[in-house]
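# Summary of the model geometry
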Amino acid sequence: SYDPNLCGSVTLESILTQVEQAADILLDATQDPTKECDAVSIGIGFEAARVQLGEVVDAVPEQDFCP
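Below you will find a few notes about this structure. (Residues numbered from 1 in each chain as written. Predicted model: local features only at pLDDT ≥ 70, side-chain atom pairs only at ≥ 80, totals over all residues. Heavy atoms only, no water.)

## Considering the overall build of the chain
Which entries qualify depends on this criterion: Helix and strand definitions follow DSSP, with helices as H or I runs of at least four residues and strands as E runs of at least two, each counted in order from the N terminus. Here the globule rule reads 2.2 Å times residues to the power 0.38, and the radius of gyration is calculated from C-alpha atoms. Type-normalised accessible area, obtained with a 1.4 Å probe on protein chains alone, sets the label of each residue: buried when under 20%, exposed when over 50%, and partly exposed for intermediate values. A contact between two residues is defined here by any heavy atoms of the two lying within 4.5 Å.
Broken down by element type, the chain carries one helix and zero strands. In summary, the chain has a C-alpha radius of gyration of 17 Å against a globular reference of 11 Å for 67 residues, an excess of more than 25%. Burial statistics for the chain: of 67 residues in total, 7% are counted as buried. The long-range share in the chain, meaning contacts at least 24 apart out of those at least 6 apart in sequence, stands at 16%.

## Things to note about the state of the cysteines
Among covalent bonds in proteins, the disulfide is the one between the sulfur atoms of two cysteines. The condition is simple: Two cysteine sulfur atoms form a disulfide, by the criterion used here, when they sit within 2.5 Å.
Scanning the model with the defined rule gives one disulfide in all. Across a sulfur-sulfur distance of 2.1 Å, Cys7 and Cys66 are joined as a disulfide pair. Handedness of the Cys7-Cys66 disulfide follows from its S-S torsion of about -85 degrees: it is left-handed. Of the two residues, Cys7 is situated in the segment before α1 (10-21) and Cys66 in the segment after α1; the sequence distance between them amounts to 59 residues.

## As for a nonpolar patch on the surface
Test applied: Residues enter a patch when their relative accessible area is above 30% and they make no salt bridge; the linking distance is 9 Å between like charges and 5 Å between nonpolar side chains (Val, Leu, Ile, Met, Phe, Trp, Tyr). Residue exposure ignores everything except the shown protein chains as possible cover, and the areas themselves are Shrake-Rupley values with a 1.4 Å probe. A carboxyl oxygen of Asp or Glu within 4 Å of a side-chain nitrogen of Lys or Arg is what we treat as a salt bridge.
On the surface, a cluster of nonpolar side chains totalling about 650 Å² of accessible area is made up of Ile15, Val19, Val40, Ile42, Ile44 and Phe46. Inspection of the secondary structure assignment puts Ile44 in the segment after α1.

Here is the structure:
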């Protein structure tokens, strides 16, 4: 869910600062110690199982919650 009260708030700025400080790779997925990192790599563990896929549908357009 999304709380529109976050837009422009101190809380949102704090979250964005933490994400920016976690930058550990370049946007093109390379690493160059002479350049400032501008992307974040993450690893997520999960379990999966085979499923029967249904029909293909169009993706939902991405929304900009804080224009």
